[in-house]
Amino acid sequence: GENVEQHPSTLSVQEGDSAVIKCTYSDSASNYFPWYKQELGKRPQLIIDIRSNVGEKKDQRIAVTLNKTAKHFSLHITETQPEDSAVYFCAEYITGGGSNYKLTFGKGTLLTVNP
Amino acid sequence: GAGVSQSPSNKVTEKGKDVELRCDPISGHTALYWYRQSLGQGLEFLIYFQGNSAPDKSGLPSDRFSAERTGGSVSTLTIQRTQQEDSAVYLCASSLVGGGGSYNSPLHFGNGTRLTVT
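Counting of residues starts from 1 at the beginning of each chain's written sequence and follows it residue by residue. Chain A is the first chain written and ligand 1 is the first ligand written, with later ones labelled in order. Thresholds applied to this predicted model are a pLDDT of at least 70 for local features of residues and 80 or more for the giving and counting of side-chain atom pairs; totals over whole chains, interfaces and linings are not thresholded and use all residues. Water and hydrogen atoms play no part in the side-chain values, which are based on all heavy atoms of the structure.

### Structural notes on the pairing of strand β7 (residues 62-67) of chain A
Residues and elements named next belong to chain A.
Reasoning step 1: DSSP calls a pair of strands paired once it identifies at least 2 bridges connecting them. Secondary structure elements are taken from DSSP: a helix is a run of H or I of four residues or more, a strand is a run of E of two residues or more, and numbering for both begins at the N terminus. The sheet contact formed by strand β6 (residues 56-59) and β7 spans 4 bridges and is antiparallel. Residue pairing for β7: Glu56 is matched across the bridge by Thr65.
Reasoning step 2: With antiparallel pairing between neighbouring strands as the criterion, β6 and β7 make up a hairpin whose turn holds 2 residues, including Gln60 at a positive phi of roughly 55°.
Reasoning step 3: As defined by bridge partners, β7 adjoins strand β8 (residues 72-77) across 6 bridges and the pair is classed as antiparallel. Residue pairing for β8: Ile62 is matched across the bridge by Ile77.

### Some words on the state of the cysteines
Reasoning step 1: Pairs of cysteine sulfur atoms within 2.5 Å are identified as disulfides in what follows. Considering all chains together, one arrives at 2 disulfides over all chains under this definition.
Reasoning step 2: The residue that forms a disulfide with Cys23 of chain A is Cys90 of chain A, at a sulfur-sulfur distance of 1.9 Å. Disulfide Cys23 of chain A to Cys90 of chain A: torsion about the S-S bond roughly -95°, handedness left-handed. One end of the pair, Cys23 of chain A, is in strand β3 (residues 19-25); the other, Cys90 of chain A, is in strand β9 (residues 86-94), with 67 residues separating them in the sequence. For the residue pair Cys23 of chain A and Cys90 of chain A, the accessibility class agrees, reading buried in each case.
Reasoning step 3: Each sulfur in the disulfide pair Cys23 of chain B and Cys92 of chain B lies 1.9 Å from the other. Note on the Cys23 of chain B and Cys92 of chain B pair: the S-S dihedral is about -65°, so by sign convention the disulfide is left-handed. Taken together, the residues span a long stretch of sequence, with Cys23 of chain B in strand β3 (residues 19-24) and Cys92 of chain B in strand β8 (residues 88-95) at a distance of 69 residues. In this pair, the class of Cys23 of chain B matches that of Cys92 of chain B, namely buried. Only protein chains enter the area calculation, which uses a 1.4 Å probe; residues under 20% of their type maximum are buried, those over 50% are exposed, and those in between are partly exposed.

### Observations regarding the pattern of salt bridges
Residue and element names in this part refer to chain B.
Reasoning step 1: One side-chain nitrogen of Lys or Arg within 4 Å of one carboxyl oxygen of Asp or Glu is enough to make a salt bridge. One pass over the full model with this rule turns up 8 salt bridges over all chains.
Reasoning step 2: Between Glu14 and Lys17 there is a salt bridge; the shortest N-O distance is 3.7 Å.
Reasoning step 3: Asp24 is the partner of Arg22 in a salt bridge, and the nearest nitrogen-oxygen pair spans 2.9 Å.
Reasoning step 4: With a relative accessible area of 39%, Arg22 lands in the partly exposed category.

### So, the interface of chain B and chain A
Reasoning step 1: The contact definition used throughout considers only heavy atoms, calling two residues in contact when any of these lie within 4.5 Å. Counting residues at the interface gives 22 residues for chain B and 19 residues for chain A.
Reasoning step 2: Summing the contributions of chain B and of chain A, the shared interface buries around 1,800 Å²; its carbon and sulfur component is 53%.
Reasoning step 3: Two N or O atoms count as a polar contact when they lie within 3.5 Å, although within protein this holds only if one can serve as hydrogen donor and the other as acceptor, and sequence-adjacent residues are included solely when both atoms are side-chain atoms. Across the contact surface, chain B and chain A share 4 residue pairs in polar contact (both at pLDDT 80 or more).
Reasoning step 4: Looking at the side of chain B that touches chain A, the elements with two or more residues in it are β4 (31-37), β5 (44-50) and β8 of chain B.
Reasoning step 5: Broken down by element, the side of chain B that touches chain A gets its largest block of residues, 3 residues, from β4 of chain B.
Reasoning step 6: Three residue categories are used. Nonpolar comprises Ala, Val, Leu, Ile, Met, Phe, Trp, Tyr, Cys and Pro, charged comprises Asp, Glu, Lys and Arg, and polar comprises the others, including Gly. Its residues placed into classes, the side of chain B that touches chain A shows 11 nonpolar, 10 polar and 1 charged. Once two parts are put together, the accessible area they lose, assessed with a 1.4 Å probe and summed over both, is termed the buried area.

### Here we look at the layout of surface pockets
Reasoning step 1: Its boundaries defined by the atoms lining it, the largest pocket holds a volume of some 1,100 Å³.
Reasoning step 2: Using a 1 Å grid laid over the protein atoms alone, points where a 1.4 Å probe fits but cannot get out form a cavity; open sets with protein on both sides within 12 Å along at least 5 of 7 lines form a pocket; any residue with an atom within 4 Å of a point counts as lining. The wall of the largest pocket is formed by 47 residues, among which Gln37, Ser38, Gly40, Gln41 and Gly42 of chain B lie closest to the centre.
Reasoning step 3: Among the residues forming the lining of the largest pocket, the class breakdown is 16 nonpolar, 21 polar and 10 charged.
Reasoning step 4: Grid points are joined across faces, edges and corners, and a volume is the space filled by probe spheres set on the points. Here the second largest pocket is characterised by a volume of approximately 170 Å³.
Reasoning step 5: For the second largest pocket, the full set of lining residues is Lys37, Ile47, Asp59, Gln60, Arg61, Ile62, Ile77, Asp84 and Tyr88 of chain A.
Reasoning step 6: Of the residues in the lining of the second largest pocket, the class split is 4 nonpolar, 1 polar and 4 charged.

Just distances and angles here, no functional claims.
Structure follows, in structure tokens:
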């Protein structure tokens, strides 16, 4: 079945430190893994995504790594800043030949960056 | 360009009344999702429309909830006989899904409708 587990549920770091959020998925057919950031009172917005044909992707201070063998993917934020404080959601998206394109989200991680 | 538009932005209703929430997806997006988000909680999948295919209704919490998508564009989520536990933010999202199953595009969310059932 489709299930993505996300840890930790809350994460507090000091400004300048790194933050890592991990997600584990169960369906080996999954091949696209986006990460969304939701600031308080705002809509979720895509910040980075990775497809199953690569193991790592970077965009400035954020990066995502994917381990298909272990079925987990992680979000890495370096040199954290107070504006990184938000809820982060990972997601699992199954495509390719089937009719189910449903995007399933993890339960979210509340990241707090302390100045 | 225009993003996903949802209306109303806020809705207060009395318990037992019916409500309709509207979503205008981005033009040309074939996939449309409804999610529910309770205060401080995650994104609960409700229903998914993809082109002319039968919708995936597996996330609807009860038969009081239903959704339609007319002409492959605008969608309405209807909640009948509202209950206090229905209070939440209802988020709509759309995406452009390519053919062949080998291409995906990210979801674009609307600002949501905050529903309060008194």
